[in-house]
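This is what each chain is made of:
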Amino acid sequence: MLIRKWKKKAIEFSCIEQIEAELLRQVPACCDPDEGSKAEARIFPSPTNTSDPDLLRDWDEYVRPELRHLFRSAKETVEEDIGSLKMKVGHLGRFLVPLEHGEPWLSALNQARLILAAKFEFSEAELSALDLPKTFSQRELVLHQINFYAAIQERIIEILNTGEDNKPSGESA
Amino acid sequence: MPETAIDTKTEAQLASPWNVVVHNDPVNLMSYVTMVFQKVFGYSRDRATRHMLEVHHLGRSIVWSGAREQAELYVQQLHSYLLQATLEKSEGC
């Protein structure tokens, strides 16, 4: 898969393999933490490490609903963009993400990674390991999924930061 | 004169600084955290990178200090980027 800036107005995802398309389509679904789970606690952390009932009450009442709306909106943006990805048998896929959707994409990819990491309780060592796994359990595959989303995030950040345009490269996420 | 002294003390209490603290998180990418610090606080790339590395190596970094209301707003913004941030009263106040 190639990810690059396209005509100063979009991010182009091209040369997309079937497996990559499938993982991209899973991003929105990964953004839904189970209620009361560790994943939900990570997405909506406490604003303080001390006891401050007034702050916590206000946070629950006013801030969390806003954050929830923001996260849902980012997820829906990604869902809509991925909807334009049509895969044909024997062909690689392509779709465009408007540049202004860059931040919602970073948010949705981050939500997905944080939720998967919390759900499968990955340790810091596991998340930063460079070794290839010795087994191929569901857990190992999810770690690959987290790293795949991280690579896409890195590429989007690079594009948003550098303003790079149509750079011909073989860099892939 | 005594009234002036009381006023000054009250003002000093109101102005007690609050810290915005960002905590380490193995999932958030270093480049992402740096970008967020630049966006939220308007920090230069160098300053944002310094805070990011402090979070990474020391587990936490005080990224801003000042009035409580503004600190709460910053924590909210950092949460909107999915960073683990908390509000803490500055020590020694």
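The notes below deal with the structure included here. (Residues numbered from 1 in each chain as written. Chains lettered and ligands numbered in written order. Predicted model: local features only at pLDDT ≥ 70, side-chain atom pairs only at ≥ 80, totals over all residues. Heavy atoms only, no water.)

**Observations concerning the interface of chain B and chain A**
Okay, step 1: Listed per partner, the contact involves 26 residues of chain B and 30 residues of chain A.
Okay, step 2: Across the chain B to chain A interface the summed buried area is about 2,400 Å²; carbon plus sulfur atoms make up 59%.
Okay, step 3: Per-residue buried area on chain B facing chain A is highest for B:Val27, B:His79 and B:Leu82; these three make up 27% of the total on that side.
Okay, step 4: On the surface where chain B and chain A come into contact, there are three salt bridges.
Okay, step 5: Of the charged contacts in the structure, one is a salt bridge between A:Asp52 and B:Arg68, with a shortest N-O distance of 3.0 Å.
Okay, step 6: Joining chain B to chain A, the criterion identifies ten residue pairs in polar contact (both at pLDDT 80 or more).
Okay, step 7: Put simply, the parts of the chain that give the side of chain B that touches chain A at least two residues each are helix H2 (30–41), helix H4 (68–80) and strand E3 (85–89) of chain B.
Okay, step 8: Of the residues forming the side of chain B that touches chain A, the biggest block, six residues, is contributed by H4(B).
Okay, step 9: Of the residues in the side of chain B that touches chain A, the class split is eleven nonpolar, nine polar and six charged. (Contact = heavy atoms within 4.5 Å. Buried area = accessible area lost by both parts, 1.4 Å probe. Salt bridge = Lys/Arg side-chain N within 4 Å of Asp/Glu carboxyl O. Polar contact = N/O pair within 3.5 Å; in protein donor to acceptor, adjacent residues only side chain to side chain. Helix = DSSP H or I, 4+ residues; strand = E, 2+ residues; numbered from the N terminus. Nonpolar A, V, L, I, M, F, W, Y, C, P; charged D, E, K, R; others polar.)

**A short note on the sheet that holds strand E2 (residues 60–66) of chain B**
Residue and element names in this part refer to chain B.
Okay, step 1: Overall, antiparallel pairing links the three strands, which are arranged E2-E1-E3 in an open sheet. Edge strands, defined here as strands with exactly one partner in the open sheet, are E2 and E3. Direction aside, neighbouring strands of the sheet carry axes that sit 30° apart on average.
Okay, step 2: Pairing of strand E1 (residues 18–23) with E2, which is carried by six bridges, proceeds in the antiparallel orientation. Looking across to E2, one finds that Val 21 is bridged to Ile 62.
Okay, step 3: Running at roughly 165° to E3, H4 makes contact with E1, E2 and E3 of the sheet. (Pairing = 2+ DSSP bridges. Axes fitted to C-alpha atoms, helices over the stretch in contact; angles between N-to-C directions.)

**Topic: the nonpolar core**
Okay, step 1: Counting 74 residues, the largest nonpolar core has A:Phe13, A:Leu24, A:Trp105, B:Phe37 and B:Leu78 as its most contacted members.
Okay, step 2: Excluding residues within four positions of it along the chain, A:Phe13 makes contact with A:Met1, A:Leu2, A:Ile3, A:Leu24, A:Gly93, A:Arg94, A:Phe95, A:Val97, A:Trp105, A:Ile152 and A:Ile156. (Core = buried A, V, L, I, M, F, W, Y, C linked by side-chain atoms within 4.5 Å. Buried < 20%, exposed > 50% of the residue type's maximum accessible area, 1.4 Å probe, protein only.)

**Some thoughts on the state of the cysteines**
Okay, step 1: Scanning all chains against the criterion turns up zero disulfides over all chains.
Okay, step 2: In this model A:Cys30 remains outside any disulfide bridge; the closest cysteine sulfur is found in A:Cys31, 6.9 Å from its own. (Disulfide = S-S within 2.5 Å.)

Keep in mind these values describe shape, not function.
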